[in-house]
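Chain by chain, the residues:
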Amino acid sequence: MDHSIIRRGDGRQPRSVETRAAILAAAGRVFAKSGLAGARTDAIAAAAGVNKALLYYYFKGKESLYEAVVEDHFCEFNRQAMAVLVAPGSARAILLRYVSLHFDFISARHRYASLHQQMMMAGGKFSERLVRKYFKPRAEAFNKLLERGMRGGEFRRTDRFHSAMSVISLIVFYFSAAPVLQLMGHSDACSAVNLKRRKQEVLDFIRHGLFVDPKFPLP
């Protein structure tokens, strides 16, 4: 990969999308392993195949890079999730499609679960901005889907807030608990076999807990 930067005629240096993506991917792996405090920019630059000066050209510092990694994940997930949540069709089918998407998205990035937890627990203006920009619109779309399903007789009448919390917890908590499960003697929670089984159990649990007709076929 050529990481050189070609200077434009007006003297400004254009950002290379490819190089920036390589830095973000490398930083994500390092942050997931070492956390923000333990990560070193030297290690990130080496993993990305760039020099340290180029890393600082794209990002102001380690904290800025950390925030960019986290936001990159949320931005991509929201793009896919919102497309599913606002799509026309059966509320049951859309909900199962969304749960599958959410589970698969985290499965492919399960090593970053601790990174997201660290960010949300730290709080602050960055977390607040992420909540407003990504969490809130997705939660509103999810709530509208539940409301439509209940109004149309596809879902049982429940408290929408707690139903949403239950669905999201079924997906997310498994990955948060994976390190503890391993310490308790369980086999690798994130192996292909276990992830497939967990996804099936989540979808089945949601059907029986929320659907008026739990026999609705899984995706």
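The present account deals with the structure reproduced in this document. (Residues numbered from 1 in each chain as written. Predicted model: local features only at pLDDT ≥ 70, side-chain atom pairs only at ≥ 80, totals over all residues. Heavy atoms only, no water.)

Brief notes about the layout of surface pockets
By volume, the largest pocket is sized at about 960 Å³. Lining the largest pocket are 28 residues, and of these His102, Phe135, Arg138, Ile168 and Val172 lie nearest its centre. Contributions of two or more residues to the lining of the largest pocket are made by α4 (62-85), α5 (91-108), α6 (113-122), α7 (124-151) and α8 (160-183). In terms of residue count, the dominant contributor to the lining of the largest pocket is α8 (ten residues). Looking at the lining of the largest pocket, its residues break down into 18 nonpolar, seven polar and three charged. If you add up the space inside the second largest pocket, you get close to 230 Å³. Lining the second largest pocket are 14 residues, with His110, Arg111, Phe175, Ala178 and Pro179 positioned closest to its centre. Those elements that provide at least two residues to the lining of the second largest pocket are α6 and α8. (1 Å grid on protein atoms, 1.4 Å probe; cavity = no way out; pocket = protein on both sides within 12 Å on 5 of 7 lines; lining within 4 Å. Points joined across faces, edges and corners; volume = space filled by probe spheres on them. Helix = DSSP H or I, 4+ residues; strand = E, 2+ residues; numbered from the N terminus. Nonpolar A, V, L, I, M, F, W, Y, C, P; charged D, E, K, R; others polar.)

Quick word on the nonpolar core
Formed by 37 residues in total, the largest nonpolar core has its most connected members in Leu95, Tyr98, Val99, Phe142, Phe155, Ile206 and Phe211. At the level of secondary structure, the elements contributing two or more residues to this core comprise α4, α5, α7, α8 and α9 (192-210). Broken down by element, this core gets its largest block of residues, ten residues, from α5. Discounting residues that sit within four places of it in the chain, Val99 has contacts with Val167, Ile171, Val202, Leu203 and Ile206. In terms of nonpolar packing, the next biggest core, distinct from the first, is built from 24 residues, Leu24, Ala26, Leu55 and Phe74 among them. (Core = buried A, V, L, I, M, F, W, Y, C linked by side-chain atoms within 4.5 Å. Buried < 20%, exposed > 50% of the residue type's maximum accessible area, 1.4 Å probe, protein only. Contact = heavy atoms within 4.5 Å.)

Quick word on the environment of Asn143
Looking at where Asn143 falls in the secondary structure, it is placed in helix α7. The sequence separation of Asn143 and Ile171 amounts to 28 residues, and the corresponding C-alpha distance is 17 Å. Polar side-chain contacts of Asn143 include one of 3.0 Å to the side chain of Arg160. (Polar contact = N/O pair within 3.5 Å; in protein donor to acceptor, adjacent residues only side chain to side chain.)

Some remarks on the side chain of Arg92
Structurally, the position occupied by Arg92 is in helix α5. Given the relative accessible area of 18%, Arg92 is considered buried. Contact partners of Arg92, with chain neighbours within four places excluded, come to Glu154, Phe155, Phe211, Asp213 and Phe216.

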